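# Structural features, examined
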Amino acid sequence: MNWSDAPPNWNTPIGEKIDRFFQAVAERFPGYSETIVVFGSATIHLRLDPAFNSADADLRVGTDDILPFKALTEEIGMGKSGQEEGLFYLDITPPSAFRSTESWYGRAHTETRHGLKIMMPQVRDALVGKLHRRRKPDQDSIVPKDLRAFLRVQELSGGHPTEAELLKDILLCPYAWHLQMSGEVTDFRRNLEDLWPVLYHKPLDVQQQIIRPLLHELELSGYTESQDWYALVRALSPTRP
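Below: a short report on this structure. (Residues numbered from 1 in each chain as written. Predicted model: local features only at pLDDT ≥ 70, side-chain atom pairs only at ≥ 80, totals over all residues. Heavy atoms only, no water.)

### A short note on the side chain of lysine 130
Positionally, lysine 130 belongs in helix 5 (residues 123-131). A residue is classified by how much of its surface remains accessible, and lysine 130, at 7% relative accessible area, is buried. If sequence neighbours within four positions are ignored, lysine 130 has contacts with Gly40, Ser41, Asp146, Ala149 and Asn191. (Helix = DSSP H or I, 4+ residues; strand = E, 2+ residues; numbered from the N terminus. Buried < 20%, exposed > 50% of the residue type's maximum accessible area, 1.4 Å probe, protein only. Contact = heavy atoms within 4.5 Å.)

Okay, structure coming up:
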């Protein structure tokens, strides 16, 4: 089974709902020309497993003015107000909402639907995007639904992403490893350290498997006096684990 880059199947329950939103956007905003990105668990549903369902679908519109699009989801019965009633809803986000590897954009699926430009990351990049999720103040582990996504993809695909594959992708997120101003490690790192023992049955060695390869890359590039260099050096000994 191809686990990462199969084209999306819009003939699924979630696919049909998202497509109905695209049609509504095209009718309501006929001059809209920005790309809409479908990400999160909907990517897994549409590109790998139509039985993998979520309570919502994440859609990134190409503008910071997302209120008209949120209002449209309410009009067609897929707004966030239905969340409390357990109804499926569309979570409309601004461009800054989706972060993944530095390569996700170049390997994403693109197509035109109802005259709109649609983009969807590969499953591998959608999974990495989940690792960027910020933790709530009282949160002490990775979000269960994010862990479920990794385990389901691994189950369906015969073990993907392998440890080597995931390491390759998370090394494409160098800024996610920089210490915060407080000196604390990032939520990205915390999420990975929670994920690794479940997925690969051993702890992630952040210094050896992540920080040192990134430092070596900077050394080869001659950037040993840059802010990136110092941030990563400090990440070897964070003030808080």
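Once you've had a look at it, read on.
### Details of the pattern of salt bridges
What the rule picks out here adds up to 16 salt bridges. The salt bridge partner of aspartate 169 is arginine 107, with a shortest N-O separation of 3.1 Å. Of this pair, aspartate 169 sits in helix 7 (residues 163-170) while arginine 107 sits in helix 4 (residues 104-107), placing them 62 residues apart in sequence. For aspartate 169, a relative accessible area of 3% translates into the label buried. Through salt bridges with shared partners, a single network forms among Arg107, Arg124, Asp125 and Asp169. (Salt bridge = Lys/Arg side-chain N within 4 Å of Asp/Glu carboxyl O.)

### Structural notes on the packing of aromatic side chains
The final tally for this structure, using the stated rule, is nine aromatic pairs. Between the aromatic rings of tryptophan 10 and phenylalanine 22, the centroid separation amounts to 5.7 Å while the plane-to-plane angle is 75°, which identifies the pairing as edge-to-face. One end of the pair, tryptophan 10, is in the segment before helix 1 (13-28); the other, phenylalanine 22, is in helix 1, with 12 residues separating them in the sequence. The two residues tryptophan 10 and phenylalanine 22 agree in class, both being buried. Relative to phenylalanine 69, the ring of tyrosine 32 lies with its centre 5.2 Å away and its plane at 65°, an arrangement referred to as edge-to-face. Note that tyrosine 32 is positioned in the loop between helix 1 and strand 1 (36-39) and phenylalanine 69 in helix 3 (residues 67-75), a separation of 37 residues in sequence. Pair check on accessibility: tyrosine 32 and phenylalanine 69 agree, each one buried. (Phe/Tyr/Trp six-rings, centres within 6.5 Å; stacked < 30°, edge-to-face > 60°.)

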